[in-house]
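# Observations on chain architecture
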Amino acid sequence: MELNARIPAGPIEQKWDRHRFDMKLVNPANKRKYNVIIVGTGLAGASAAATMGELGYNVQAFTYHDSPRRAHSIAAQGGINAAKNYQSDGDSIYRLFHDTVKGGDFRSREANVYRLAQLSLNIIDQAVAQGVPFAREYGGLLANRSFGGAQVSRTFYARGQTGQQLLLGAYQALERQVNAGTVTMHTRHEMLDLVVVEGRARGIVTRDLLSGKVESHSADAVILATGGYSNVFFLSTNAKLSNVTATWRAHRRGAGFANPCYTQIHPTCIPQSGDYQSKLTLMSESLRNDGRIWVPRKKGDDRSPERIPEGERDYYLERLYPAFGNLTPRDIASRRAKEMVDAGQGVGPLKNGVYLDFRDAIDRLGKQAVSDRYGNLFAMYEKITGEDPYREPMRIYPAPHYTMGGLWVDYNLMSNVPGLFVIGEANFSDHGANRLGASALMQGLADGYFVVPITIGDYLSGTPPWTGGSGDAAFRDVERDAKARTDRLLSAKGTRTVDSFHMELGRLMWDLCGMERNAEGLEEALEKIPKLREAFWNDVTVPGSGETLNQSLEKAGRLADFLEFGELMCRDALERDESSGAHYRREHTTEEGEAKRNDDEFAHVSVWEYRGEGEVPVEHREELEFEHVPLSQRSYK
Amino acid sequence: MRLTLHVWRQAGRDDTGSFETYQADGISESMSFLDMLDLVNEELAQEGKEPIAFDHDCREGICGSCGVMIDGVPHGPKSMTTACQVHMRSFKDGDEIWVEPWRATSFPVIRDLVVDRSPFDRIIEAGGYISVRTGSVPDANTTPISKGAVETAMDAAVCIGCGACVAACPNASAMLFTASKVAHLALLPQGQPERYDRVLKMVDVHDEEGFGNCTNHGACEVACPKGISVDYIAQLNRDLVRATLSFRPEKGTAE
C-alpha cells in the first residue's frame, strides 16, 4: 500500500491556492461525459452532489433513507465554526487552524487543517445565500456563541438546529440539481460493496431496500460520504441506521483504514435510563456556555440538588481548569465526568450522571434569555426525562458520538484506491485524535462544497471517460458476493436476534475499547470478538425474505460488518501504545491525569491494510510533521 | 406495564392489510414509543416472525423519518412531539393502543407502517430553494436581516418533513409542508428574486401529486411536531394570489 499525502509545496497560507492552480481541469463541455457516484446525502454528500451537478458532472447520488434530508447531519445541534472574526475578539484563520490542531492533540495533518480553516469563511457565506436562518443580533448582523476548546466566539448557529438548517440548505441545492437533470437521486438504496476494476474504483453494488434487488452502478469515480461508526458501541448518539458498511467494504477492497481507534465520547448526553434503551440522546455542547457542571462532594449524596449547599458542591471543571472552566475540550470533560461517577459521586436514580446546572445563568440573564438560547434543548430534555431543567439541573453523562478515524485520504481527499474519494466524517483527515465542537459541520461542508468538486477534476482529467460500464465481469463477481452474504444471513435460522448480538458487541467495545483502554482489556477484546462473530453467523435469526423491505436483514448486514470492524478498532487501540486526545490508554497518563502522548513513536497516522478474512491486517504509517503548531502538552488550565 | 397493541400489518403496496394484535409486557414508563415497538419486534424475531416495519432513524425528533398514527392521532398523544419522543409515561397499564401508518392517497403504504413520502421531495425539487451556485455569493454580513424576520423564517424552517400534517388533514393536503418552505424563503431578503415563481411551481407540484386543498381546518398545526402555524398557509395564499394575478402567463398567450 502506497501512502502519498500529496501535500502541496509552499507556505501553508498558499498551499491550497497554489494547488488549485497546479491541478488539471476538466473542460466544461467534457464534464457531462463523466459519471460520479456519491454515496450518502448528509452535509458532505449533499453539498458535493449539488456542487458537482452545478459544475456539469453527471452525478448519481445514493441514500438508504426515503429522502436525502434524513441523513444524521440533521441532528447536529450547536453550530458551525468559522474564522470570520465578526466579534473582533482576536480570531483569525490561523487561530482556528491552531485551535484545531491543538484540540486534535497533534494527530492531524497541518495542511488539511489550514485549508479547512480557510474554507470556513466561504461556508458561512454560502449557507446565508441559500437562506439558512442563522441567529442574528438586533442590528441584523450574524450572532456567534462560544464552544469548547476555543477562547473566541466563532460558532454560527440556528437555535439548537444548526445541522438541520445547514442540511436543508444542501438538500435544497441538491434538489435544484435533480430538477436540472444533473443529479439522479436513488433513495432507499444501500451500498453493499465497492467495485474496483484494474486498480481503480469503478462503481458500487447496491440493494434496493424495497424490492431487495441487487444492482450494479458504474462510474468514473466514487465518493463515499457515509458518516461515522459510533454505532459499533450499539448505544451512541448516532442515528439508529448509521453504520460502517460502505467504508468497511471499501477497506476490504483495498482502501486503507486510518486511526479507527479515535472515537469521540461526547460529554453532554442524557444518561441511560434502563437496559431496553435503543439509543442515547445528545444535549448540545453549547449548553456548557451557560450551564455549570458539578457533583456533590459527598459520595452517594441522596439529597435533591437544590438542598445541597454551595459549599458541598464540586464544580470540578472550574476547579481543575480555571482558564477554560466548563468549556474544556470534549475528551477532557468526558473523562472527568466518568471519574466522578466512578468515584461514587454520580447523580440521578442510577447514579450515572453529573449535573449541568442553569440556576446561575437564569439568575444572571433571566429565564427568557436562557429560553431564547436553549429553549428547544430544554424541551427535548423534559420530553425524555420528564424533568424540567429550568427548575432542577440537567443530568448528563458521556456517550459515543463521533469518530475521527475513517478511510485514509490524501490532500485531494482521495483514498489509496485511485478514483475512490472519501469526505466528511467517513474520512480521517482533519480532526486528529479529538474533534472540537462545531467542527464536524464545517468539515463536512468544506469537503463537499469546496474541496472534492475541485480535486476530483484533477483525477478525472487524467482518465478518459470509462467505457466499461456495469456490464464488466467485475460487477457480476461483486454482485454474487453480495447475494451470497444475504443468503447466508437469511438461511442461518439460529436462535438469537440481530440486536442481541449488537448489544453484546456494544457492551464489549464500551468496556474494553471505550473511554479508557488498556493493553490487557484490548487483548481480551481481540480474543472475544472473533468468537462473537462466529456465534453470530451460526446462530443469528433473520426472519423474512430478501425480496421485500426487510429491516432485520438490513440490520444483520450492517452488524456483520461492525463485527469485523470492531476487531480492527481494538487492534489499532492496542498498537497505539500512547494516549492522545480521545484515545486514552490507562498506562499513559501525566501526573495530572491527562492524556500523555508519545510523539517520538506515535506522531503518525496508522493506516491499516486488509489482508483477508481471519488474517492479521498490516499497519502502514504516514508520519506527521508539525511546522506551525509546535508539539506541546495540551493545557486548558 | 402491560399493553395490548393493534398494529396495521400490510405485506406490500398491493396487499389489503389488516390489524394484528400483540401483547406488550414489561413496558417501563421511561421507554420511548419506538423502544416499545423494538421490544415487540425482538419478541417477534425471536419467534421467527417478521417484525413490524416502521421508518425511524435519529430518535431525537429531528430527522422526520418516524411517524405513525397512535390511536388515530399523528405521532400520538403529546403535542409538539414526534413518535420517537413520545414516552410510555403517556400511557397506563392495561391500555389498548391502535397503531397505523399515515393514511393519504399521495402517501401509499409500502409495508406495515412505512409509507412513500417521495412527493415531498418533488415539491422541494419544483422550486423550494434559492438558486445560488456554490461559491458565487457575497460575504454573509453584506445583507443585515432583522432578528424578527430571521426568527419568523426559522419558525417555518424547522419543518422536519414527517408528513403528520397530511395525515391529520381531512383533505390530505400538504399545504402546511409547502407553506413552511415557501414562507421560510419568502421572509428572507435572499428569497425575494424567486419569491413568486417559487410559490407557483411548488403549489403546482403539490396539486399534481394528488394532495387535497386547504380548507382551513387547522388540524395540521395541531399535529405538527414542530408547532408550525397555519399563519404560514395564509402567507402562502397571499403570495399565490399575487403571483397568479401578476406573474403567471395566461395559457395560450405568448410569454
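These figures come from a predicted structure and were not determined experimentally.

When you go through chain B residue by residue, the secondary structure sums to eight helices and seven strands. Projecting the C-alpha coordinates of chain B onto the three principal axes gives extents of approximately 65 × 45 × 35 Å. Going through the 255 residues of chain B one by one, you find that 59% of them count as buried. Contacts in chain B between residues at least 24 apart in sequence constitute 68% of all its contacts with a sequence separation of at least 6. For chain B, the exposed surface amounts to about 10,300 Å²; the carbon and sulfur share of it is 50%. Charge centroids of chain B, computed over 23 positive and 37 negative side chains, lie 5 Å from each other.

Residues and elements named next belong to chain B. By the assigned domains, chain B splits into domain 1 (3-111) and domain 2 (118-246). Taken together, the contact pairs 15 residues of domain 1 with 19 residues of domain 2. For the pair domain 1 and domain 2, the two sides together bury roughly 1,200 Å², of which 65% comes from carbon and sulfur. Counting the surface domain 1 buries against domain 2, the share from its top three residues, Met80, Ser106 and Phe107, is 39%. At the boundary of domain 1 with domain 2, the tally comes to zero salt bridges. Between domain 1 and domain 2 we count five residue pairs in polar contact (both at pLDDT 80 or more) in total. Of the residues contributing to the side of domain 1 that touches domain 2, the split by class is nine nonpolar, six polar and no charged.

On to the sheet that holds strand 12 (residues 292-296) of chain A, then. Taken in spatial order, the five strands make up an open sheet running 11-15-14-12-13 (chain A), and their pairing is antiparallel. Two strands bound the open sheet, and with one partner strand each, they are strand 11 (263-269) and strand 13 (313-314) of chain A.

With that settled, the discussion passes to unusual backbone geometry. Residues and elements named next belong to chain A. Phi is positive for Arg6, close to 50°, though the residue is something other than glycine. Mapping Arg6 onto the fold places it in the segment before helix 1 (15-22). On the basis of relative accessible area, Arg6 is assigned to the partly exposed category, the value being 42%. Of note, the phi angle at Leu413 is positive, near 65°, even though the residue is not glycine. By secondary structure assignment, the location of Leu413 is in the loop between strand 16 (406-407) and strand 17 (420-422). The class of Leu413 is buried, set by a relative accessible area of 0%.

Turning to the domain arrangement of chain A, a few remarks are in order. All names here are of chain A. Structurally, chain A comprises domain 1 (23-77 + 104-134 + 158-264 + 402-460), domain 2 (266-400) and domain 3 (473-597). Between the C-alpha centres of domain 1 and domain 2 the distance comes to 33 Å. At the junction of the two partners, domain 1 supplies 19 residues and domain 2 supplies 19 residues. Roughly 1,500 Å² is buried in total at the junction of domain 1 and domain 2, and carbon and sulfur atoms are behind 54% of that figure. The largest share of the area that domain 1 buries against domain 2 comes from Gln77, Leu235 and Thr237, three residues that together contribute 42% of it. Joining domain 1 to domain 2, the criterion identifies zero salt bridges. At the junction of domain 1 with domain 2, the criterion picks out nine residue pairs in polar contact (both at pLDDT 80 or more). Of the residues that constitute the side of domain 1 that touches domain 2, the class distribution is seven nonpolar, 10 polar and two charged.

This part is about the interface of chain A and chain B. Counting from both sides, the interface comprises 78 residues of chain A and, opposite them, 72 residues of chain B. On inspection of chain A and its partner chain B, the count reaches six salt bridges. Among the salt bridges present, the one from A:Arg188 reaches B:Asp55, with a minimum N-O distance of 2.9 Å. On inspection of chain A and its partner chain B, the count reaches 48 residue pairs in polar contact (both at pLDDT 80 or more). At the level of elements, helix 3 (43-55), helix 5 (110-130), helix 6 (162-180), helix 11 (367-385), helix 12 (440-460), helix 14 (498-513) and helix 16 (551-575) of chain A are the ones that each hand at least two residues to the side of chain A that touches chain B.

Time to look at the side chain of A:His401. All names here are of chain A. Among the secondary structure elements, His401 is positioned in strand 15 (residues 394-403). We classify His401 as buried; its relative accessible area is 15%. Polar side-chain contacts of His401 include one of 3.5 Å to the side chain of Arg435. Excluding residues that lie within four positions of it along the chain, His401 makes contacts with Ser230, Thr237, Asn238, Gln264, His266, Leu282, Arg330 and Arg435.

Residue and element names in this part refer to chain A. All told, the structure shown has 70 salt bridges over all chains when counted by the stated rule. The salt bridge involving Arg253 is made with Asp481; its shortest N-O contact spans 3.2 Å. Separated by 228 residues along the polypeptide, Arg253 in the loop between helix 7 (245-252) and strand 10 (257-258) and Asp481 in helix 13 (residues 473-491) bring together distant segments of the chain. The partly exposed category is assigned to Arg253, whose relative accessible area is 30%. For Arg558, the salt bridge identified is with Glu554, shortest N-O distance 3.4 Å. A residue pair is termed a helical-turn pair when its members lie 3 or 4 positions apart in one helix, as Arg558 and Glu554 do in helix 16 at four residues. By relative accessible area, Arg558 is classed as buried at 6%.

Right, let's talk about the nonpolar core for a bit. Residues and elements named next belong to chain A. One finds Ile80, Phe134, Leu420 and Phe536 to be the most contacted residues of the largest nonpolar core, which totals 190 residues. Contact partners of Phe536, with chain neighbours within four places excluded, come to Leu489, Phe501, Ala556, Leu559, Ala560 and Leu563. Formed by 32 residues, the second largest nonpolar core is a distinct cluster that contains Ile265, Ile332, Val341 and Phe378.

Calculation criteria
Residues numbered from 1 in each chain as written. Chains lettered and ligands numbered in written order. Predicted model: local features only at pLDDT ≥ 70, side-chain atom pairs only at ≥ 80, totals over all residues. Heavy atoms only, no water. Helix = DSSP H or I, 4+ residues; strand = E, 2+ residues; numbered from the N terminus. Buried < 20%, exposed > 50% of the residue type's maximum accessible area, 1.4 Å probe, protein only. Contact = heavy atoms within 4.5 Å. Areas by Shrake-Rupley, 256 points an atom, 1.4 Å probe, with all protein chains shown as cover. Lys, Arg positive; Asp, Glu negative; His and termini not counted. Charge placed at Lys NZ, Arg CZ, Asp CG, Glu CD. Domains from an automatic or database assignment. Buried area = accessible area lost by both parts, 1.4 Å probe. Salt bridge = Lys/Arg side-chain N within 4 Å of Asp/Glu carboxyl O. Polar contact = N/O pair within 3.5 Å; in protein donor to acceptor, adjacent residues only side chain to side chain. Nonpolar A, V, L, I, M, F, W, Y, C, P; charged D, E, K, R; others polar. Pairing = 2+ DSSP bridges. Core = buried A, V, L, I, M, F, W, Y, C linked by side-chain atoms within 4.5 Å.

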